[in-house]
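Residues per chain, in single letters:
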Amino acid sequence: MGSQKPASLNEDKKFLTDSEIEIQRIYTELTHSLSEDAGQFPFTRGIHASMYRDKLWTMRQYSGFSTAEESNKRYHYLLNHGTTGLSVAFDLPTQIGYDSDHEMSEGEVGKAGVAIDSLQDMEILFDGIDLGNITVSMTINATAYILLAMYIAVAKKQNVDLKKLSGTVQNDILKEYAARGTFIYPPKHSMRLITDIFEYCSKELPGWNTISVSGYHIREAGSTAVQEIAFTLSNGKSYLKAAIDRGLDINVFGRRMSFFFNAHNNMFEEVAKFRAARRMWAKITKVLGATDPRAQMLRFHTQTGGSTLTAQQPMNNIVRVTLQALAAVLGGTQSLHTNGFDEALSLPSEMAAGLALRTQQVIAFESSVAQTVDPLGGSFFIEHLTDELESNAWAYIEKIDAMGGSIQAIEEGFIQEEIARSAYAYQRSIEDETKTIIGVNKFVHKHEKQSGVFKVDDDIRKLQMEKLKKLRLLRNQEAVDHALKKLEIAASSNDNVMPYVVNAVEQYTTLGEIADVLRKIFGEYKE
(Lines give C-alpha, C1' and ligand atoms only; values in the text may rest on other atoms or scores of the structure.)
Protein backbone atom coordinates (compact mmCIF):
# COMPACT_ATOMS: atom_id res chain seq x y z
CA MET A 1 0.00 0.00 0.00
CA GLY A 2 2.74 2.48 1.00
CA SER A 3 4.50 2.23 -2.38
CA GLN A 4 1.41 3.01 -4.44
CA LYS A 5 1.22 6.36 -6.21
CA PRO A 6 -1.67 8.69 -5.36
CA ALA A 7 -4.63 8.07 -7.67
CA SER A 8 -4.84 11.80 -8.49
CA LEU A 9 -1.44 11.87 -10.25
CA ASN A 10 -1.62 12.66 -13.97
CA GLU A 11 1.14 10.57 -15.51
CA ASP A 12 0.45 11.88 -19.02
CA LYS A 13 1.44 15.47 -18.29
CA LYS A 14 5.09 16.22 -19.02
CA PHE A 15 7.21 18.80 -17.22
CA LEU A 16 10.33 20.11 -19.01
CA THR A 17 13.22 22.42 -18.19
CA ASP A 18 13.89 25.32 -20.57
CA SER A 19 16.33 23.00 -22.39
CA GLU A 20 13.48 20.48 -22.78
CA ILE A 21 14.97 17.98 -20.35
CA GLU A 22 12.08 16.01 -18.92
CA ILE A 23 11.56 16.38 -15.17
CA GLN A 24 10.41 13.25 -13.34
CA ARG A 25 7.86 13.39 -10.53
CA ILE A 26 10.44 12.29 -7.99
CA TYR A 27 14.09 11.18 -8.02
CA THR A 28 15.10 8.33 -5.76
CA GLU A 29 18.76 7.65 -6.54
CA LEU A 30 21.96 9.37 -7.56
CA THR A 31 23.01 9.12 -11.19
CA HIS A 32 26.55 10.32 -10.50
CA SER A 33 28.90 9.46 -7.68
CA LEU A 34 29.98 12.48 -5.65
CA SER A 35 33.38 11.02 -4.89
CA GLU A 36 35.34 14.27 -5.28
CA ASP A 37 35.46 17.15 -2.83
CA ALA A 38 35.16 20.81 -3.79
CA GLY A 39 38.49 22.10 -5.09
CA GLN A 40 39.32 18.73 -6.66
CA PHE A 41 39.20 17.64 -10.31
CA PRO A 42 36.76 17.83 -12.08
CA PHE A 43 35.51 20.63 -9.77
CA THR A 44 31.80 19.76 -10.04
CA ARG A 45 31.25 21.01 -6.49
CA GLY A 46 33.31 24.20 -6.81
CA ILE A 47 36.83 25.32 -7.63
CA HIS A 48 37.81 26.11 -4.03
CA ALA A 49 37.64 23.75 -1.06
CA SER A 50 35.93 26.29 1.19
CA MET A 51 34.23 28.47 -1.46
CA TYR A 52 32.38 31.40 0.16
CA ARG A 53 33.29 30.36 3.73
CA ASP A 54 36.70 31.94 3.08
CA LYS A 55 35.78 34.69 0.61
CA LEU A 56 32.50 35.84 -0.89
CA TRP A 57 32.05 36.23 -4.62
CA THR A 58 33.03 39.62 -6.08
CA MET A 59 29.96 41.85 -6.20
CA ARG A 60 30.17 43.68 -9.50
CA GLN A 61 27.80 46.19 -11.03
CA TYR A 62 27.88 46.55 -14.80
CA SER A 63 27.76 50.27 -15.48
CA GLY A 64 28.71 52.81 -18.08
CA PHE A 65 26.70 55.46 -19.85
CA SER A 66 26.96 58.92 -21.33
CA THR A 67 30.39 60.47 -20.78
CA ALA A 68 33.36 59.28 -18.78
CA GLU A 69 32.56 62.03 -16.26
CA GLU A 70 29.02 60.75 -15.64
CA SER A 71 30.10 57.11 -15.45
CA ASN A 72 32.85 58.02 -12.98
CA LYS A 73 30.19 59.49 -10.66
CA ARG A 74 28.18 56.24 -10.84
CA TYR A 75 31.31 54.18 -10.07
CA HIS A 76 32.02 56.22 -6.95
CA TYR A 77 28.38 55.79 -5.90
CA LEU A 78 28.58 52.00 -6.32
CA LEU A 79 31.92 51.72 -4.54
CA ASN A 80 30.61 53.79 -1.64
CA HIS A 81 27.66 51.38 -1.35
CA GLY A 82 29.72 48.20 -1.15
CA THR A 83 30.52 47.13 -4.70
CA THR A 84 33.79 45.18 -4.68
CA GLY A 85 34.45 45.17 -8.42
CA LEU A 86 33.51 47.27 -11.43
CA SER A 87 32.28 46.03 -14.80
CA VAL A 88 32.48 48.64 -17.55
CA ALA A 89 29.87 48.94 -20.31
CA PHE A 90 31.04 50.71 -23.49
CA ASP A 91 28.81 52.35 -26.08
CA LEU A 92 28.41 50.80 -29.53
CA PRO A 93 30.82 53.16 -31.40
CA THR A 94 33.55 52.26 -28.88
CA GLN A 95 32.78 48.56 -29.32
CA ILE A 96 33.14 48.65 -33.10
CA GLY A 97 36.06 51.05 -33.36
CA TYR A 98 34.55 54.40 -34.27
CA ASP A 99 35.29 57.73 -32.61
CA SER A 100 32.30 59.75 -31.45
CA ASP A 101 32.67 62.19 -34.35
CA HIS A 102 32.50 59.45 -37.00
CA GLU A 103 29.33 59.50 -39.11
CA MET A 104 28.58 55.90 -38.07
CA SER A 105 28.42 57.00 -34.42
CA GLU A 106 25.47 59.35 -34.82
CA GLY A 107 22.61 58.48 -32.47
CA GLU A 108 24.62 55.93 -30.48
CA VAL A 109 27.20 57.92 -28.51
CA GLY A 110 26.91 57.20 -24.79
CA LYS A 111 23.62 55.31 -25.19
CA ALA A 112 24.41 51.63 -24.51
CA GLY A 113 27.49 52.39 -22.44
CA VAL A 114 30.19 54.97 -21.87
CA ALA A 115 31.89 56.68 -24.84
CA ILE A 116 35.68 56.21 -24.79
CA ASP A 117 37.52 57.96 -27.62
CA SER A 118 41.01 58.31 -26.17
CA LEU A 119 43.23 57.87 -23.13
CA GLN A 120 41.86 61.20 -21.93
CA ASP A 121 38.41 59.61 -21.49
CA MET A 122 39.86 56.57 -19.74
CA GLU A 123 41.74 58.81 -17.30
CA ILE A 124 38.49 60.61 -16.46
CA LEU A 125 36.58 57.31 -16.17
CA PHE A 126 38.84 56.08 -13.36
CA ASP A 127 39.61 59.41 -11.73
CA GLY A 128 39.90 58.94 -7.97
CA ILE A 129 39.74 55.12 -8.26
CA ASP A 130 42.90 53.23 -7.29
CA LEU A 131 43.35 50.55 -9.95
CA GLY A 132 45.80 48.76 -7.67
CA ASN A 133 43.05 48.03 -5.13
CA ILE A 134 40.08 47.01 -7.27
CA THR A 135 39.33 44.54 -10.03
CA VAL A 136 37.79 45.88 -13.21
CA SER A 137 36.05 43.82 -15.87
CA MET A 138 35.66 45.38 -19.30
CA THR A 139 32.96 44.06 -21.62
CA ILE A 140 34.71 44.73 -24.91
CA ASN A 141 35.66 42.43 -27.77
CA ALA A 142 36.62 43.74 -31.22
CA THR A 143 38.49 46.70 -29.70
CA ALA A 144 39.61 44.86 -26.55
CA TYR A 145 43.26 45.35 -27.47
CA ILE A 146 42.79 49.16 -27.52
CA LEU A 147 40.76 49.46 -24.30
CA LEU A 148 43.19 47.19 -22.46
CA ALA A 149 46.08 49.35 -23.68
CA MET A 150 44.29 52.47 -22.37
CA TYR A 151 43.69 50.79 -19.01
CA ILE A 152 47.38 49.87 -18.79
CA ALA A 153 48.33 53.47 -19.59
CA VAL A 154 46.08 54.77 -16.78
CA ALA A 155 47.56 52.26 -14.34
CA LYS A 156 51.07 53.39 -15.28
CA LYS A 157 50.08 57.01 -14.67
CA GLN A 158 48.81 55.94 -11.22
CA ASN A 159 52.17 54.19 -10.60
CA VAL A 160 50.42 50.84 -10.14
CA ASP A 161 52.69 47.79 -10.42
CA LEU A 162 51.43 46.12 -13.62
CA LYS A 163 52.44 42.73 -12.24
CA LYS A 164 49.75 43.22 -9.56
CA LEU A 165 47.06 44.66 -11.83
CA SER A 166 43.91 42.53 -11.60
CA GLY A 167 40.88 42.40 -13.83
CA THR A 168 39.37 40.93 -16.98
CA VAL A 169 38.93 41.94 -20.57
CA GLN A 170 36.13 40.02 -22.30
CA ASN A 171 38.05 39.63 -25.58
CA ASP A 172 35.73 36.87 -26.87
CA ILE A 173 35.20 37.59 -30.54
CA LEU A 174 33.76 34.22 -31.62
CA LYS A 175 30.45 34.78 -29.87
CA GLU A 176 30.19 38.13 -31.70
CA TYR A 177 30.07 36.33 -35.05
CA ALA A 178 27.61 33.78 -33.65
CA ALA A 179 25.26 35.84 -31.50
CA ARG A 180 25.93 39.54 -31.06
CA GLY A 181 27.44 41.24 -34.11
CA THR A 182 29.95 43.80 -32.78
CA PHE A 183 32.87 42.48 -34.81
CA ILE A 184 35.29 44.42 -37.04
CA TYR A 185 37.94 42.15 -38.53
CA PRO A 186 37.74 38.68 -40.13
CA PRO A 187 37.94 35.74 -37.67
CA LYS A 188 41.55 34.82 -38.53
CA HIS A 189 42.84 38.32 -37.75
CA SER A 190 40.61 38.67 -34.69
CA MET A 191 42.08 35.46 -33.30
CA ARG A 192 45.57 36.86 -33.94
CA LEU A 193 44.73 39.91 -31.77
CA ILE A 194 43.41 37.67 -29.00
CA THR A 195 46.57 35.56 -28.92
CA ASP A 196 48.64 38.76 -28.97
CA ILE A 197 46.86 39.76 -25.75
CA PHE A 198 47.44 36.28 -24.27
CA GLU A 199 51.15 36.48 -25.01
CA TYR A 200 51.62 40.10 -23.92
CA CYS A 201 49.76 39.72 -20.63
CA SER A 202 51.54 36.48 -19.70
CA LYS A 203 54.72 38.57 -19.54
CA GLU A 204 53.55 42.05 -18.54
CA LEU A 205 50.26 41.50 -16.64
CA PRO A 206 50.46 38.01 -15.10
CA GLY A 207 47.50 38.67 -12.79
CA TRP A 208 45.17 39.77 -15.58
CA ASN A 209 42.41 37.52 -16.97
CA THR A 210 43.08 37.75 -20.69
CA ILE A 211 39.73 36.49 -21.92
CA SER A 212 36.24 36.01 -20.54
CA VAL A 213 34.58 33.49 -22.83
CA SER A 214 30.98 34.60 -22.91
CA GLY A 215 27.93 32.39 -22.83
CA TYR A 216 25.92 35.35 -21.61
CA HIS A 217 25.33 36.84 -25.05
CA ILE A 218 24.66 33.42 -26.58
CA ARG A 219 21.86 32.98 -24.03
CA GLU A 220 20.59 36.52 -24.59
CA ALA A 221 20.32 35.71 -28.31
CA GLY A 222 17.87 32.92 -27.44
CA SER A 223 19.87 29.77 -26.77
CA THR A 224 18.93 27.13 -24.22
CA ALA A 225 21.04 26.42 -21.14
CA VAL A 226 22.50 23.36 -22.89
CA GLN A 227 23.46 25.41 -25.95
CA GLU A 228 24.91 28.14 -23.75
CA ILE A 229 27.48 25.86 -22.17
CA ALA A 230 28.09 23.79 -25.32
CA PHE A 231 28.81 26.73 -27.62
CA THR A 232 30.74 28.64 -24.95
CA LEU A 233 33.02 25.75 -24.05
CA SER A 234 33.52 24.95 -27.73
CA ASN A 235 34.65 28.55 -28.28
CA GLY A 236 36.91 28.17 -25.26
CA LYS A 237 38.51 25.12 -26.87
CA SER A 238 39.22 27.19 -29.98
CA TYR A 239 41.03 29.83 -27.91
CA LEU A 240 43.03 27.17 -26.12
CA LYS A 241 44.12 25.60 -29.40
CA ALA A 242 45.01 28.98 -30.91
CA ALA A 243 47.21 29.79 -27.92
CA ILE A 244 48.85 26.36 -27.99
CA ASP A 245 49.55 26.80 -31.73
CA ARG A 246 51.18 30.14 -30.83
CA GLY A 247 53.58 28.23 -28.58
CA LEU A 248 52.03 29.32 -25.27
CA ASP A 249 51.95 26.98 -22.27
CA ILE A 250 48.41 25.90 -21.41
CA ASN A 251 49.43 25.61 -17.75
CA VAL A 252 50.28 29.33 -17.77
CA PHE A 253 47.67 31.04 -19.95
CA GLY A 254 44.98 28.54 -18.92
CA ARG A 255 45.01 30.03 -15.41
CA ARG A 256 44.08 33.44 -16.83
CA MET A 257 41.04 32.31 -18.81
CA SER A 258 37.64 33.00 -17.30
CA PHE A 259 34.03 32.61 -18.38
CA PHE A 260 30.88 34.73 -18.34
CA PHE A 261 27.49 33.03 -17.98
CA ASN A 262 23.86 34.03 -17.83
CA ALA A 263 21.46 33.18 -15.00
CA HIS A 264 17.82 32.65 -15.92
CA ASN A 265 14.68 31.82 -13.97
CA ASN A 266 14.70 28.01 -14.12
CA MET A 267 16.67 27.84 -10.89
CA PHE A 268 17.57 24.16 -10.63
CA GLU A 269 18.55 23.93 -14.30
CA GLU A 270 20.77 26.99 -13.88
CA VAL A 271 22.53 25.52 -10.82
CA ALA A 272 23.07 22.26 -12.69
CA LYS A 273 24.34 24.19 -15.73
CA PHE A 274 27.13 25.83 -13.73
CA ARG A 275 28.13 22.50 -12.14
CA ALA A 276 28.16 20.72 -15.52
CA ALA A 277 30.21 23.49 -17.15
CA ARG A 278 32.92 23.20 -14.50
CA ARG A 279 33.13 19.45 -14.93
CA MET A 280 33.25 19.67 -18.73
CA TRP A 281 35.93 22.37 -18.85
CA ALA A 282 38.16 20.39 -16.49
CA LYS A 283 37.95 17.43 -18.89
CA ILE A 284 38.55 19.61 -21.97
CA THR A 285 41.68 21.24 -20.54
CA LYS A 286 43.07 17.94 -19.32
CA VAL A 287 42.73 16.37 -22.78
CA LEU A 288 44.53 19.38 -24.29
CA GLY A 289 47.46 18.93 -21.91
CA ALA A 290 46.73 20.97 -18.78
CA THR A 291 48.24 19.36 -15.69
CA ASP A 292 48.09 22.32 -13.29
CA PRO A 293 44.71 22.26 -11.46
CA ARG A 294 44.55 26.06 -11.74
CA ALA A 295 44.58 25.71 -15.54
CA GLN A 296 41.78 23.14 -15.37
CA MET A 297 39.42 25.24 -13.24
CA LEU A 298 36.48 27.02 -14.82
CA ARG A 299 36.28 30.44 -13.15
CA PHE A 300 33.19 32.40 -14.10
CA HIS A 301 31.32 35.66 -13.71
CA THR A 302 27.53 35.62 -13.83
CA GLN A 303 25.05 38.29 -14.84
CA THR A 304 21.34 37.92 -14.30
CA GLY A 305 19.31 37.53 -17.49
CA GLY A 306 18.66 40.78 -19.31
CA SER A 307 16.29 39.08 -21.75
CA THR A 308 14.15 37.81 -18.87
CA LEU A 309 13.33 41.34 -17.67
CA THR A 310 9.94 42.65 -18.66
CA ALA A 311 8.86 46.21 -19.44
CA GLN A 312 5.42 45.24 -18.14
CA GLN A 313 5.15 45.34 -14.34
CA PRO A 314 8.89 46.07 -13.98
CA MET A 315 8.85 45.66 -10.19
CA ASN A 316 8.37 41.91 -10.81
CA ASN A 317 11.94 41.97 -12.13
CA ILE A 318 13.21 42.40 -8.56
CA VAL A 319 11.94 38.89 -7.80
CA ARG A 320 13.36 37.47 -11.05
CA VAL A 321 16.79 38.98 -10.38
CA THR A 322 16.79 37.61 -6.83
CA LEU A 323 16.02 34.07 -8.03
CA GLN A 324 18.68 34.29 -10.73
CA ALA A 325 21.31 35.67 -8.35
CA LEU A 326 20.55 32.90 -5.88
CA ALA A 327 21.00 30.30 -8.65
CA ALA A 328 24.40 31.78 -9.50
CA VAL A 329 25.53 31.62 -5.88
CA LEU A 330 24.21 28.08 -5.36
CA GLY A 331 26.04 27.18 -8.59
CA GLY A 332 29.38 28.53 -7.31
CA THR A 333 30.00 31.75 -9.26
CA GLN A 334 33.20 33.75 -8.65
CA SER A 335 31.61 37.13 -9.32
CA LEU A 336 28.10 38.38 -9.94
CA HIS A 337 26.25 41.31 -11.47
CA THR A 338 22.58 41.83 -10.70
CA ASN A 339 20.44 43.78 -13.18
CA GLY A 340 18.34 46.77 -12.23
CA PHE A 341 14.58 46.17 -12.30
CA ASP A 342 14.09 49.00 -14.83
CA GLU A 343 16.58 47.79 -17.46
CA ALA A 344 13.87 46.58 -19.84
CA LEU A 345 12.88 50.24 -20.13
CA SER A 346 16.19 52.10 -19.99
CA LEU A 347 19.66 52.16 -18.54
CA PRO A 348 19.37 51.43 -14.80
CA SER A 349 18.56 54.38 -12.57
CA GLU A 350 20.79 55.02 -9.57
CA MET A 351 18.09 53.68 -7.26
CA ALA A 352 17.64 50.48 -9.29
CA ALA A 353 21.40 49.88 -9.42
CA GLY A 354 21.65 50.36 -5.67
CA LEU A 355 18.79 47.92 -5.03
CA ALA A 356 20.39 45.35 -7.35
CA LEU A 357 23.58 45.52 -5.28
CA ARG A 358 21.62 45.22 -2.04
CA THR A 359 20.05 42.03 -3.46
CA GLN A 360 23.48 40.41 -3.57
CA GLN A 361 24.32 41.65 -0.09
CA VAL A 362 21.13 40.20 1.41
CA ILE A 363 21.87 36.83 -0.21
CA ALA A 364 25.46 36.96 1.05
CA PHE A 365 24.88 38.10 4.61
CA GLU A 366 21.30 37.17 5.53
CA SER A 367 20.36 33.96 3.71
CA SER A 368 23.14 31.67 5.05
CA VAL A 369 23.52 30.00 1.62
CA ALA A 370 27.21 30.99 1.55
CA GLN A 371 28.00 29.09 4.73
CA THR A 372 28.42 25.66 3.13
CA VAL A 373 29.95 24.44 -0.11
CA ASP A 374 27.70 23.26 -2.97
CA PRO A 375 24.56 23.29 -0.80
CA LEU A 376 22.42 21.49 -3.41
CA GLY A 377 25.06 18.84 -4.16
CA GLY A 378 23.79 15.32 -3.54
CA SER A 379 20.22 16.20 -4.37
CA PHE A 380 18.91 13.40 -6.58
CA PHE A 381 17.30 16.00 -8.84
CA ILE A 382 20.34 18.32 -9.11
CA GLU A 383 22.74 15.47 -9.81
CA HIS A 384 20.41 14.07 -12.49
CA LEU A 385 20.06 17.51 -14.15
CA THR A 386 23.83 18.06 -14.02
CA ASP A 387 24.41 14.77 -15.83
CA GLU A 388 21.67 15.47 -18.39
CA LEU A 389 22.99 18.96 -19.19
CA GLU A 390 26.52 17.62 -19.54
CA SER A 391 25.45 14.75 -21.81
CA ASN A 392 23.38 17.00 -24.08
CA ALA A 393 26.13 19.63 -24.25
CA TRP A 394 28.76 17.03 -25.19
CA ALA A 395 26.53 15.96 -28.08
CA TYR A 396 26.68 19.52 -29.47
CA ILE A 397 30.44 19.79 -28.95
CA GLU A 398 31.00 16.51 -30.80
CA LYS A 399 29.02 17.87 -33.77
CA ILE A 400 31.08 21.08 -33.75
CA ASP A 401 34.35 19.15 -33.48
CA ALA A 402 33.30 17.04 -36.47
CA MET A 403 32.86 20.27 -38.47
CA GLY A 404 36.38 21.37 -37.57
CA GLY A 405 35.70 23.50 -34.51
CA SER A 406 33.82 26.64 -33.55
CA ILE A 407 35.17 28.89 -36.29
CA GLN A 408 34.07 26.48 -38.99
CA ALA A 409 30.70 25.91 -37.28
CA ILE A 410 30.14 29.68 -37.17
CA GLU A 411 31.20 30.16 -40.80
CA GLU A 412 28.77 27.42 -41.83
CA GLY A 413 25.99 29.07 -39.80
CA PHE A 414 25.38 26.00 -37.62
CA ILE A 415 25.60 27.75 -34.25
CA GLN A 416 23.55 30.74 -35.42
CA GLU A 417 20.81 28.45 -36.79
CA GLU A 418 20.60 26.42 -33.59
CA ILE A 419 20.28 29.57 -31.48
CA ALA A 420 17.65 31.02 -33.83
CA ARG A 421 15.64 27.80 -33.68
CA SER A 422 15.62 27.85 -29.87
CA ALA A 423 14.76 31.55 -29.74
CA TYR A 424 11.81 30.98 -32.07
CA ALA A 425 10.52 28.03 -30.03
CA TYR A 426 10.79 30.04 -26.81
CA GLN A 427 8.87 32.99 -28.25
CA ARG A 428 6.18 30.66 -29.59
CA SER A 429 5.80 29.12 -26.12
CA ILE A 430 5.12 32.57 -24.68
CA GLU A 431 2.64 33.46 -27.40
CA ASP A 432 0.69 30.20 -27.09
CA GLU A 433 0.91 30.49 -23.28
CA THR A 434 2.53 27.11 -22.72
CA LYS A 435 5.14 29.15 -20.86
CA THR A 436 3.93 31.69 -18.32
CA ILE A 437 5.54 35.11 -18.00
CA ILE A 438 3.87 37.05 -15.21
CA GLY A 439 2.59 40.41 -16.40
CA VAL A 440 3.13 39.51 -20.07
CA ASN A 441 0.79 36.62 -20.85
CA LYS A 442 -0.75 36.05 -17.43
CA PHE A 443 -1.94 38.36 -14.62
CA VAL A 444 -1.76 41.28 -17.05
CA HIS A 445 -2.69 44.86 -16.09
CA LYS A 446 -4.39 46.45 -19.08
CA HIS A 447 -3.93 50.04 -17.92
CA GLU A 448 -0.49 49.87 -16.41
CA LYS A 449 1.28 53.12 -15.54
CA GLN A 450 4.93 53.33 -16.54
CA SER A 451 7.38 54.80 -14.04
CA GLY A 452 9.96 57.37 -15.07
CA VAL A 453 12.96 56.06 -16.96
CA PHE A 454 16.60 57.08 -16.97
CA LYS A 455 17.59 58.70 -20.28
CA VAL A 456 20.92 59.75 -21.74
CA ASP A 457 21.07 63.30 -23.11
CA ASP A 458 21.21 63.43 -26.92
CA ASP A 459 23.83 66.21 -26.66
CA ILE A 460 26.47 63.73 -25.46
CA ARG A 461 27.85 63.37 -28.98
CA LYS A 462 28.42 67.13 -29.22
CA LEU A 463 30.35 67.07 -25.93
CA GLN A 464 32.52 64.18 -27.13
CA MET A 465 33.14 65.86 -30.48
CA GLU A 466 34.31 69.02 -28.72
CA LYS A 467 36.67 66.97 -26.57
CA LEU A 468 38.10 65.27 -29.64
CA LYS A 469 38.56 68.58 -31.44
CA LYS A 470 40.55 70.03 -28.50
CA LEU A 471 42.53 66.82 -28.08
CA ARG A 472 43.69 66.81 -31.69
CA LEU A 473 44.80 70.44 -31.40
CA LEU A 474 46.78 69.91 -28.19
CA ARG A 475 48.45 66.53 -28.74
CA ASN A 476 51.78 65.97 -30.51
CA GLN A 477 50.58 64.99 -33.98
CA GLU A 478 54.04 63.97 -35.11
CA ALA A 479 54.26 61.49 -32.23
CA VAL A 480 50.79 60.18 -33.12
CA ASP A 481 51.69 59.67 -36.78
CA HIS A 482 54.92 57.92 -35.82
CA ALA A 483 53.10 55.60 -33.39
CA LEU A 484 50.47 54.70 -35.98
CA LYS A 485 53.13 53.93 -38.59
CA LYS A 486 54.95 51.60 -36.19
CA LEU A 487 51.64 49.88 -35.42
CA GLU A 488 50.95 49.42 -39.12
CA ILE A 489 54.33 47.77 -39.64
CA ALA A 490 53.79 45.46 -36.63
CA ALA A 491 50.31 44.47 -37.83
CA SER A 492 51.68 43.70 -41.30
CA SER A 493 54.26 41.35 -39.79
CA ASN A 494 54.06 38.67 -37.13
CA ASP A 495 55.01 41.05 -34.32
CA ASN A 496 52.82 41.26 -31.24
CA VAL A 497 50.83 44.48 -31.71
CA MET A 498 50.15 45.17 -28.02
CA PRO A 499 53.33 47.16 -27.21
CA TYR A 500 52.66 49.35 -30.25
CA VAL A 501 49.02 49.91 -29.26
CA VAL A 502 50.07 50.89 -25.72
CA ASN A 503 52.56 53.35 -27.20
CA ALA A 504 49.90 54.77 -29.52
CA VAL A 505 47.32 55.39 -26.80
CA GLU A 506 49.97 57.06 -24.64
CA GLN A 507 50.38 59.62 -27.43
CA TYR A 508 46.59 60.22 -27.21
CA THR A 509 45.92 58.52 -30.50
CA THR A 510 42.17 57.90 -30.67
CA LEU A 511 40.42 54.55 -30.62
CA GLY A 512 39.08 55.07 -34.13
CA GLU A 513 42.50 55.97 -35.53
CA ILE A 514 44.02 52.77 -34.13
CA ALA A 515 41.12 50.60 -35.29
CA ASP A 516 41.37 52.12 -38.78
CA VAL A 517 45.03 51.15 -39.10
CA LEU A 518 44.09 47.52 -38.56
CA ARG A 519 41.05 47.87 -40.85
CA LYS A 520 43.54 48.88 -43.54
CA ILE A 521 45.72 45.81 -42.89
CA PHE A 522 43.14 43.15 -41.94
CA GLY A 523 40.03 44.31 -43.77
CA GLU A 524 36.50 44.11 -42.34
CA TYR A 525 34.37 41.02 -41.90
CA LYS A 526 31.13 40.81 -43.86
CA GLU A 527 28.56 38.16 -42.98
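To be clear, the structure that these remarks concern was listed above.
No experiment lies behind these values; they were computed from the predicted model shown. (Residues numbered from 1 in each chain as written. Predicted model: local features only at pLDDT ≥ 70, side-chain atom pairs only at ≥ 80, totals over all residues. Heavy atoms only, no water.)

## Observations regarding the overall build of the protein
Then step 1. Secondary structure assignment for the protein yields 20 helices and nine strands.
Then step 2. Considered along the principal axes of its C-alpha atoms, the protein spans approximately 90 × 60 × 45 Å.
Then step 3. Per-residue burial for the protein yields a buried fraction of 56% across its 527 residues.
Then step 4. In the protein, the share of contacts with a sequence separation of at least 24, taken over all contacts with a separation of at least 6, comes to 79%.
Then step 5. Only carbon and sulfur atoms are counted for the fraction: they give 51% of the accessible area of the protein, which is about 22,400 Å².
Then step 6. Averaging the positions of the 56 positive and the 67 negative side-chain charges in the protein gives two centres separated by 2 Å. (Helix = DSSP H or I, 4+ residues; strand = E, 2+ residues; numbered from the N terminus. Buried < 20%, exposed > 50% of the residue type's maximum accessible area, 1.4 Å probe, protein only. Contact = heavy atoms within 4.5 Å. Areas by Shrake-Rupley, 256 points an atom, 1.4 Å probe, with all protein chains shown as cover. Lys, Arg positive; Asp, Glu negative; His and termini not counted. Charge placed at Lys NZ, Arg CZ, Asp CG, Glu CD.)

## Examining the packing of aromatic side chains
Then step 1. The full count for this structure, using the stated rule, is 20 aromatic pairs.
Then step 2. Seen in terms of ring centroids, Phe-261 and Phe-274 are 6.3 Å apart; in terms of plane orientation they differ by 55°. Their pairing is tilted. Here Phe-261 is found in strand E7 (residues 257-263), whereas its partner Phe-274 is found in helix H10 (residues 267-287), with 13 residues between them in sequence. Considered together, Phe-261 and Phe-274 belong to a single accessibility category, that of buried residues.
Then step 3. With a centroid separation of 5.6 Å and 70° between ring planes, the pair formed by Phe-268 and Phe-381 is classed as edge-to-face. A residue pair is termed long-range when its members are at least 10 positions apart, and Phe-268 in helix H10 and Phe-381 in helix H14 (residues 380-403) qualify at 113 residues.
Then step 4. Overall, Phe-381 belongs to the buried group, its relative accessible area being 18%.
Then step 5. Ring pairing ties together the aromatic residues Phe-259, Phe-261, Phe-274, Trp-281 and Phe-300, which thus form one cluster.
Then step 6. One Lys or Arg, Lys-286, reaches over the ring of Phe-41 and ends 4.7 Å from the middle of that ring. (Phe/Tyr/Trp six-rings, centres within 6.5 Å; stacked < 30°, edge-to-face > 60°. Lys NZ or Arg CZ within 6 Å of the ring centre and 35° of its normal.)

## Let's talk about the pattern of salt bridges
Then step 1. Using the criterion set out here, one finds 33 salt bridges in the structure.
Then step 2. A salt bridge links Lys-73 to Glu-70, with the nearest nitrogen and oxygen atoms 3.4 Å apart. With a gap of three residues between them, Lys-73 and Glu-70 both fall in helix H1 (residues 68-80), about one helical turn apart.
Then step 3. Take Lys-73: its relative accessible area is 53%, and that puts it in the exposed class.
Then step 4. On the basis of relative accessibility, which here comes to 31%, the residue Glu-70 falls in the partly exposed class. (Salt bridge = Lys/Arg side-chain N within 4 Å of Asp/Glu carboxyl O.)

## Some points on the packing of helix H4 (residues 144-157) against helix H6 (residues 187-204)
Then step 1. At a closest axis distance of 10 Å, the pairing of H4 and H6 adopts a crossing angle of 25°. The angle between H4 and H6 places the two elements in the roughly parallel class. Along its contact with H4, which presents Ala-144, Tyr-145, Leu-148 and Ile-152, the element H6 presents Leu-193, Ile-197, Tyr-200 and Cys-201.
Then step 2. Considering only residue class, the contact of H4 with H6 consists of eight nonpolar, no polar and no charged. (Axes fitted to C-alpha atoms, helices over the stretch in contact; angles between N-to-C directions. Parallel < 35°, antiparallel > 145°, perpendicular 65-115°, else oblique. Nonpolar A, V, L, I, M, F, W, Y, C, P; charged D, E, K, R; others polar.)

## Structural notes on the sheet that holds strand E2 (residues 85-89)
Then step 1. The sheet built from nine strands is open, its strands ordered E5-E4-E3-E2-E1-E9-E8-E7-E6 with parallel pairing. Looking along the sheet, the strands with just one partner apiece sit at the ends: strand E5 (208-209) and strand E6 (211-214).
Then step 2. Note that E6 and E7 share four bridges and pair parallel. Bridge pairing in E7 links Ser-214 to Phe-260.
Then step 3. Here helix H8 (residues 225-245) sits on the sheet and contacts E6 and E7; the angle it forms with E7, its principal contact strand, is near 165°.
Then step 4. Across the sheet, H10 touches E7 and strand E8 (300-304), and the angle it forms with E7 is around 160°. (Pairing = 2+ DSSP bridges.)

## Let's talk about helix H20 (residues 511-522)
Then step 1. The terminal C-alpha atoms of H20, which comprises twelve residues, lie 16 Å apart, in line with the 16 Å expected from a rise of 1.5 Å per residue.
Then step 2. Extensive coverage of H20 is indicated by the burial of nine of its twelve residues.
Then step 3. Among all positions of H20, only Leu-511, Gly-512, Glu-513, Ile-514, Ala-515, Val-517, Leu-518, Arg-519 and Phe-522 are buried.
Then step 4. A positive phi of about 80° marks Gly-523, the residue just after H20. (Expected span 1.5 Å × (residues − 1).)

## What to know about the packing of H4 against helix H19 (residues 498-506)
Then step 1. Put simply, H4 and H19 touch, their axes get as near as 9 Å, and they point 60° apart. Taken as a pair, H4 and H19 cross one another with a handedness that is right-handed. Residues Tyr-145, Ile-146, Leu-148, Ala-149, Met-150, Ile-152, Ala-153 and Lys-156 of H4 form the contact with H19, whose participating residues are Met-498, Val-501, Val-502, Val-505 and Glu-506.
Then step 2. Across the contact of H4 with H19, the residue classes tally to eleven nonpolar, no polar and two charged. (Left-handed = near helix turned anticlockwise from the far one by under 90°.)

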